[in-house]
Amino acid sequence: MNRDLDSRLKTTFDRIVAKTPEIGDPPTSDTLRLSPETTPSSRLWVAAAAASVAVIGIAGLVAIRAASSDTSDTVVATPPSNVADLPAVTTLHSVVPTPTTVVEGGTAVIQPGEIVCLNAGASEHAVSLCVDELGGVPLDAAVDTDNSFVMPVDPANASHIAAAAKVADALGVDTRAFDPGLLPLGATARGASVYLVIGSNDVPFAS
Amino acid sequence: MVEHQLANDDARRRQLSDAWRTYAPAAMRFATALVGPTDAHDVVTTAFLRVTRQPHWTSLEHLDRYLLRAVRNEAHNLYRDRQRRWQRDLRAVIPAWNTDPTPDLDLLRAVAALSVQQRAVVFLAYWHDMTEAEIGETLDVARSSVHRTLARARVALRKALT
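Along every chain, residues carry numbers that run from 1 in the direction the sequence is written. The naming scheme follows written order: chains are lettered A onward, ligands numbered 1 onward. Totals for whole chains, interfaces and linings use all residues, but because this is a predicted model, local features are given only for residues with pLDDT of at least 70 and pairs of side-chain atoms are given and counted only at 80 or more. Excluding hydrogens and water, the side-chain figures rest on all heavy atoms present in the structure.

## A short note on the nonpolar core
The nonpolar side chains of a soluble globular protein tend to be buried, and buried together.
Turning to step 1, where the next piece is worked out: If you look at the biggest cluster of nonpolar residues, it comprises 52 residues, and the most contacted ones within it are Leu9 and Phe13 of chain A together with Phe30, Val71, Val122 and Leu157 of chain B.
Turning to step 2, where the next piece is worked out: Sorting elements by how many residues they give to this core places helix H1 (residues 2-35) of chain B first, with 11 residues.
Turning to step 3, where the next piece is worked out: When sequence neighbours within four positions are dropped, the list of residues in contact with Phe30 of chain B reads Leu68, Val71, Arg72, Ala120, Phe123, Leu124 and Leu139 of chain B.
Turning to step 4, where the next piece is worked out: Side-chain atoms within 4.5 Å are what join buried Ala, Val, Leu, Ile, Met, Phe, Trp, Tyr and Cys residues into a set we call a nonpolar core. Burial classes follow relative accessibility: with a 1.4 Å probe on protein chains only, a residue under 20% of its type's maximum area counts as buried, one over 50% as exposed, and anything between as partly exposed. Counting residues in each nonpolar core, the second largest holds 21 residues, with Val150, Val167, Ala168 and Val173 of chain A among its members. Helix and strand definitions follow DSSP, with helices as H or I runs of at least four residues and strands as E runs of at least two, each counted in order from the N terminus. Pairs of residues are marked as contacts when any of their non-hydrogen atoms sit within 4.5 Å.

Have a look at this one:
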């Protein structure tokens, strides 16, 4: 197992490293930065702001304590006589989040890694949406199709068949029987249970 | 005065160019293993600029290790910004799948699921054949920490492959 893992890891990293981009020209100070640089002066500002918040907080606490000790012996609440009993009115602002993943009852219906996004003539945009929004693993199909559908990874596995039906229902696409002819030679999808075959119509990611 | 300034600028540009040509290829491979080819160039560029903006960067000992550590830190920042690490990595190797008859999807997925630090250690151990002590020196972490990180990564990889 160890030797197997070692050699497979080396091969995998060989594949990844083979995709290393060219270094190109040396970067200059005009080059776009990924994240803003933290300078000593910005750190000073953060420290000063934190100290100010702490001082204000302590001062507030001291003031509250002082106020409560001044009035602790004479607290008598007497409501004014001319105040009518008004019904409490509460305005509810319900915030409905926009889901980016299909969810049901607080649990994601489609778990990351459950789906293989099988690109059967779909646009790159559709495949990237499948990856980003459904946590799917992208793979190019051996042949193209017009329409999108789902099929189980293992046609003999009842949970895969059920998962395919669930995904089909959630995405509004058809379920079809497993078709090995769609898969590229040697591709394995262990860990996934559903192939989402995205056809040239880009369903369910057509804009 | 102006000529002196121009000569200084020219010397600095030459130093930057030399350092980039010398150290960027290894840093680029390292970044590709950590964040995938799509973001690797940006990560290395940002790391290189951070390092070379320091006042005495030319006198830094082991600039290569320094740059790798900066790349690792930038990769951390990138992952904090984007919480979709394994999806992006897998997507990044799509072109290879078309020509490669036996893609090891399970292992790719497992490697992509490792943390940045775990992947850095695993890459240096398996691809660079570095010892735990060398990895510790390169990433500026204790050897015992490297040992633990590597052990946890192996457990995670084996678990993902069974």
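## A few points about the pairing of strand E3 (residues 115-119) of chain A
Side chains on a regular strand alternate between the two faces of the sheet.
All names here are of chain A.
Turning to step 1, where the next piece is worked out: Across the 5 residues of E3, 5 count as buried, placing the element largely inside the fold.
Turning to step 2, where the next piece is worked out: Neither face of E3 is left uncovered, since the one carrying Ile115, Cys117 and Asn119 and the one carrying Val116 and Leu118 both have all their residues buried.
Turning to step 3, where the next piece is worked out: Strands are treated as partners if at least two bridges between them are detected by DSSP. Of the pairings in the sheet, the one linking E3 to strand E7 (residues 194-198) comprises 5 bridges and is parallel in character. Within E7, the residue paired with Leu118 across the bridge is Val197.
Turning to step 4, where the next piece is worked out: Look down the strands so they point away from you; if the path from the first strand over the helix to the second goes clockwise, the crossover is right-handed. Handedness of the crossover is the feature at issue here: the chain leaves E3, passes through helix H3 (residues 124-134), returns alongside strand E4 (residues 137-140), and the resulting connection is right-handed.

## Things to note about the state of the cysteines
All names here are of chain A.
Turning to step 1, where the next piece is worked out: Criterion for a disulfide: a pair of cysteine sulfur atoms at a distance within 2.5 Å. Enumeration according to the criterion identifies 1 disulfide over all chains in this entry.
Turning to step 2, where the next piece is worked out: A sulfur-sulfur distance of 1.9 Å marks the disulfide that ties Cys117 to Cys130. Taking the sign of the S-S torsion, about -85° here, the bridge from Cys117 to Cys130 comes out left-handed. One end of the pair, Cys117, is in strand E3; the other, Cys130, is in helix H3, with 13 residues separating them in the sequence. Here the two residues Cys117 and Cys130 agree in accessibility, since each one is buried.

## What about the confidence of the model for chain A?
Residues and elements named next belong to chain A.
Turning to step 1, where the next piece is worked out: How sure the predictor is of each residue is captured by pLDDT, a score from 0 to 100. Overall, the predicted model of chain A reaches an average pLDDT of 70, with 57% of residues at or above 70.
Turning to step 2, where the next piece is worked out: Across residues 35-42, where pLDDT falls below 50, the model places 8 contacts with residues more than four positions away in sequence or in other chains.
Turning to step 3, where the next piece is worked out: Overall, residues 78-108 carries pLDDT values under 50, and its contacts beyond four positions in sequence, including any with other chains, amount to 11 contacts.

## Observations regarding the packing of helix H7 (residues 116-126) of chain B against helix H9 (residues 143-161) of chain B
Residues and elements named next belong to chain B.
Turning to step 1, where the next piece is worked out: An axis is simply a line fitted to the C-alpha atoms; with a helix, the fit covers only the stretch in contact. Between two such axes, the angle follows the N-to-C directions and lies from 0 to 180 degrees. Viewed as axis vectors pointing N to C, H7 and H9 meet at an angle of 95°, and their least axial separation amounts to 9 Å. For the element pair H7 / H9, the angle class is roughly perpendicular. Touching Gln117, Gln118, Val121, Val122, Ala125 and Tyr126 of H7 are Val146, Thr149, Leu150, Arg152, Ala153 and Arg154, all from H9.
Turning to step 2, where the next piece is worked out: A class-by-class count of the residues in the contact of H7 with H9 yields 7 nonpolar, 3 polar and 2 charged. Here the angle decides the label: under 35 degrees means roughly parallel, over 145 means roughly antiparallel, 65 to 115 means roughly perpendicular, and every other value means oblique. In this classification, Asp, Glu, Lys and Arg are treated as charged, Ala, Val, Leu, Ile, Met, Phe, Trp, Tyr, Cys and Pro as nonpolar, and every other residue, Gly included, as polar.

## What to know about the pattern of salt bridges
Turning to step 1, where the next piece is worked out: One speaks of a salt bridge when a side-chain nitrogen belonging to Lys or Arg is within 4 Å of a carboxyl oxygen belonging to Asp or Glu. All chains considered together, the criterion is met by 7 salt bridges over all chains.
Turning to step 2, where the next piece is worked out: Measuring nitrogen to oxygen at the nearest pair gives 3.3 Å for the salt bridge that ties Asp129 of chain B to Lys10 of chain A. With Asp129 of chain B in the loop between H7 and helix H8 (132-139) and Lys10 of chain A in helix H1 (residues 2-17), this residue pair bridges two chains.
Turning to step 3, where the next piece is worked out: Taking relative accessible area as the criterion, Lys10 of chain A reaches 34% and is therefore assigned partly exposed.

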